[in-house]
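Examination of the molecular architecture
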Amino acid sequence: MSQTQVSDGVKKEIVREGSGRQVKSGNEITVHCTGSLAGPPTKKFWSTKDPGQKPFTFQVGLGKVITGWDEGCLTMCQGEVARLTIAGYKGYGAQGFPAWGITPNADLIFEIEILSIR
């Protein structure tokens, strides 16, 4: 699998090609995702596949999630699974996300699957 540069600070590696429609700004998308600190070593901090969790739905391209998610998800289509590597400044930045153990300016890896687009 090869990595492509989505933007400055966001890289994408396709895990599984999708075959559905392309995600567009303003769409409401539902995803399965697993987030990890880039490490080394990598360390998972959240997954929609963990017990008690469910797929995550948000409006893409409108700044409702971290910048790296908006930029990465806008390159995806329904059914696609991709691994996004997101630089700290396109993630949680200088404040980090202490509740999940994300330190300031931590680089992140998210495996995202586009389940539906509305």
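First, a word on scope: everything that follows refers to the structure included in this document. (Residues numbered from 1 in each chain as written. Predicted model: local features only at pLDDT ≥ 70, side-chain atom pairs only at ≥ 80, totals over all residues. Heavy atoms only, no water.)

In this section: the overall build of the chain. Within the chain, the regular secondary structure consists of one helix and seven strands. Reading the secondary structure of the chain in the N-to-C direction produces β-β-β-β-β-α-β-β. For a compact globule of 118 residues, the expected C-alpha radius of gyration is about 13 Å, and the chain comes in at 13 Å, within 12% of that figure. Principal-axis analysis of the C-alpha atoms gives the chain an extent of 35 × 35 × 30 Å. Burial analysis of the chain (118 residues in total) assigns 42% to the buried set. Once local pairs closer than 6 in sequence are excluded, the contacts in the chain between residues at least 24 apart make up 66%. For the chain, the exposed area adds up to about 6,200 Å²; of that, 51% sits on carbon and sulfur atoms. Distance between charge centroids for the chain: 4 Å, based on 13 positive and 11 negative side chains. (Helix = DSSP H or I, 4+ residues; strand = E, 2+ residues; numbered from the N terminus. Rg over C-alpha atoms; globule rule 2.2 N^0.38 Å. Buried < 20%, exposed > 50% of the residue type's maximum accessible area, 1.4 Å probe, protein only. Contact = heavy atoms within 4.5 Å. Areas by Shrake-Rupley, 256 points an atom, 1.4 Å probe, with all protein chains shown as cover. Lys, Arg positive; Asp, Glu negative; His and termini not counted. Charge placed at Lys NZ, Arg CZ, Asp CG, Glu CD.)

A word on unusual backbone geometry. The linkage connecting Gly39 with the following residue, Pro40, adopts the cis geometry, with an omega of 10°. Note that the residue after Pro40, namely Pro41, is joined by a cis bond; omega there is -15°. You can see Pro41 is positioned in the loop between β3 (28-37) and β4 (43-47). With a phi angle near 60°, Asn105 is a residue other than glycine that sits in the positive phi range. Position of Asn105 among the secondary structure elements: in the loop between β6 (81-86) and β7 (108-117). With relative accessibility at 47%, the residue Asn105 sits in the partly exposed group.

These figures come from the coordinates and say nothing about function on their own.
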